[in-house]
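Structural overview for review
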Amino acid sequence: MLKRRETRTIKVGRVIIGSAAPIVIQSMTKVPTIDIARCVKQINQLVRAGCRLVRIAVPTCADTAAFAKIVQKVSVPLIADVHFSPNRAIEAIEAGAAKVRLNPGNIKNRKDILRIIDAAKMHKTAIRIGINEASIRDLKKQAIPLQERTALMLKEMKKYVRLFENRNFTQLVLSAKSSDCLRTIEINRLIAKVFNYPIHLGLTHAGLPEDARIPSAITLGTLLAEGIGDTIRVSAACNPVIETKIAKQILIALGLYERSTPALYVCPTCARAQIDVIKLARQVEKALCGVPVKRGPVNKPLCIAVMGCIVNGPGEAADADLAICAAKNKAYIYRNGRKISVVQENKIIPALLKELEKL
Ligand code: SF4
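Source: prediction; values computed, not measured.

Now for the sheet that holds strand β5 (residues 78–81). Pairing in this open sheet of eight strands is parallel, and the strands run β8-β7-β6-β5-β4-β3-β10-β9 from one edge to the other. Two strands close off the open sheet at either side, each with one partner strand: β8 (172–177) and β9 (200–203). Strand-to-strand twist in this sheet, taken as the mean axis angle between neighbours without regard to direction, amounts to 25°. Relative to strand β10 (residues 231–234), β9 runs parallel, the two sharing four bridges. Note that in β10 the partner of L201 across the bridge is I232. Relative to β9, helix α8 (residues 209–225) is tilted by about 155°, and along the sheet it contacts β9 and β10.

Encoded structure:
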């Protein structure tokens, strides 16, 4: 189990963030906020996919009015995403936002930031100070050399945190994002060293899902493996349910998220394969869908392996709780590295499910 960084713990509605609390997956709605029915539908889809917090953009007064209604219709704490307008932030807080995501650099008047802090205090609303590389660049009205950007982001973060703390407000989550993997890693390491607030991780503008998946996994995965990160969002130009699934895969890979079905290992296949491994693996994946996760002897989720041959298959799958090792028109089934039966190709799935029941 990875050792997490110790932080303050923050309450976002009923969700605890920080330290030993489970890492929270969040995403954003991508339908107009004023379309309340669609928004609620998408929030419910995100909750089913694994989101424990959902963020909603509230650019207009009509959006914060809709936000107030949406809060009443969903089971998950909502975060209002605010840019530039202090009034939107205060309206969202009064509408029942559990957290507000704010970039103080976008709110020019210090008095306005203090008004937001006071409203958040009164309503027990958490605030995420979210800065990103692009806004740093805008602030200075000039391009900042790459090597100076993280230091400048840290400086900005220090300034904002001081402002909140001087107002006795500590229900903070911090985030600093860039679309660059290495700079996102670097700035979050710095923030983790300097502050003890929970950190929200994300790689911004990561692209289409097929492009966003790997950079997000590398960036978030590196930081999470170092114990940094208390909430995560994968940003990709796609349905937010897909973002959530990618986020879940990152956490599962690091042992930071409980699987809901047994793990499936599949050999990459090669010229030795005696069966269509990919087709079989898809069939097994479908068969495992809805099979409740059981825990093996060393208290880890069960693992099922699909291997294309008996040359390397049994050895490679020796750690699997059940392994299918294909031969010509048939397959051998192994349990914990021991051969237990041989079945015809068309009987593989029922035989596997039967063996699964015995575990
Ligand atoms: S298990 Fe067999 S078929 Fe699969 S990659 Fe290894 S050698 Fe090739």
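Now that the structure has been shown, we can carry on.
Inspection of the secondary structure puts R101 in strand β6 (residues 99–102). Look at R101: it is buried, it has no salt bridge, and the nearest opposite charge is D81 at 4.2 Å. Within the local environment of R101, its side chain forms a polar contact with the backbone oxygen of G130, the two atoms lying 3.3 Å apart. For R101, the contacting residues outside a window of four places in its chain are R55, I79, A80, D81, V82, H83, R128, G130 and N132.

On to the pairing of β10. By the alternation rule, side chains of β10 split into T231 and R233 and I232 and V234, which are all buried. In the sheet, strand β3 (residues 24–28) pairs with β10 via two bridges, with the strands oriented parallel. From the neighbouring strand, I25 faces β10, where its bridge partner is I232.

Quick look at the environment of Y257 now. Within the secondary structure layout, Y257 lies in the loop between α9 (240–253) and β11 (263–266). Residue class for Y257 comes out partly exposed when judged on its relative accessible area of 27%. Put simply, Y257 and I25 are 232 residues apart on the chain and 9.9 Å apart in space, counted from C-alpha to C-alpha. Contact partners of Y257, with chain neighbours within four places excluded, come to I25, G50, K248, L251 and I252.

About the thresholds
- Residue numbers run consecutively from 1 along every chain, following the written order of its sequence.
- A pLDDT threshold of at least 70 governs which residues receive local features in this predicted model, and a stricter bar of 80 or more applies before side-chain atom pairs are shown or counted, although totals over entire chains, interfaces and linings include all residues.
- Computation of side-chain values: all heavy atoms of the structure, hydrogens and water removed.
- Note: two strands are recorded as paired if DSSP finds a minimum of 2 bridges between them.
- Helix and strand definitions here come from DSSP, where helices need a minimum of 4 consecutive H or I residues and strands a minimum of 2 consecutive E residues; each element is numbered from the N-terminal end.
- To get an axis, a line is fitted to the C-alpha atoms, and for a helix only the part in contact is used. The angle between two axes follows their N-to-C directions and goes from 0 to 180 degrees.
- We call two residues in contact when some of their heavy atoms are within 4.5 Å.
- Only protein chains enter the area calculation, which uses a 1.4 Å probe; residues under 20% of their type maximum are buried, those over 50% are exposed, and those in between are partly exposed.
- The positive count covers Lys and Arg only, the negative count covers Asp and Glu only, and His and the chain ends enter neither.
- Salt-bridge detection follows one rule: a side-chain nitrogen of Lys or Arg within 4 Å of a carboxyl oxygen of Asp or Glu.
- Contacts described as polar in this section are N or O atom pairs within 3.5 Å, which, within protein, must combine one atom able to donate a hydrogen with one able to accept it, while residues neighboring in sequence count only if both atoms come from side chains.

None of the figures reported here should be taken as evidence of function without further support.
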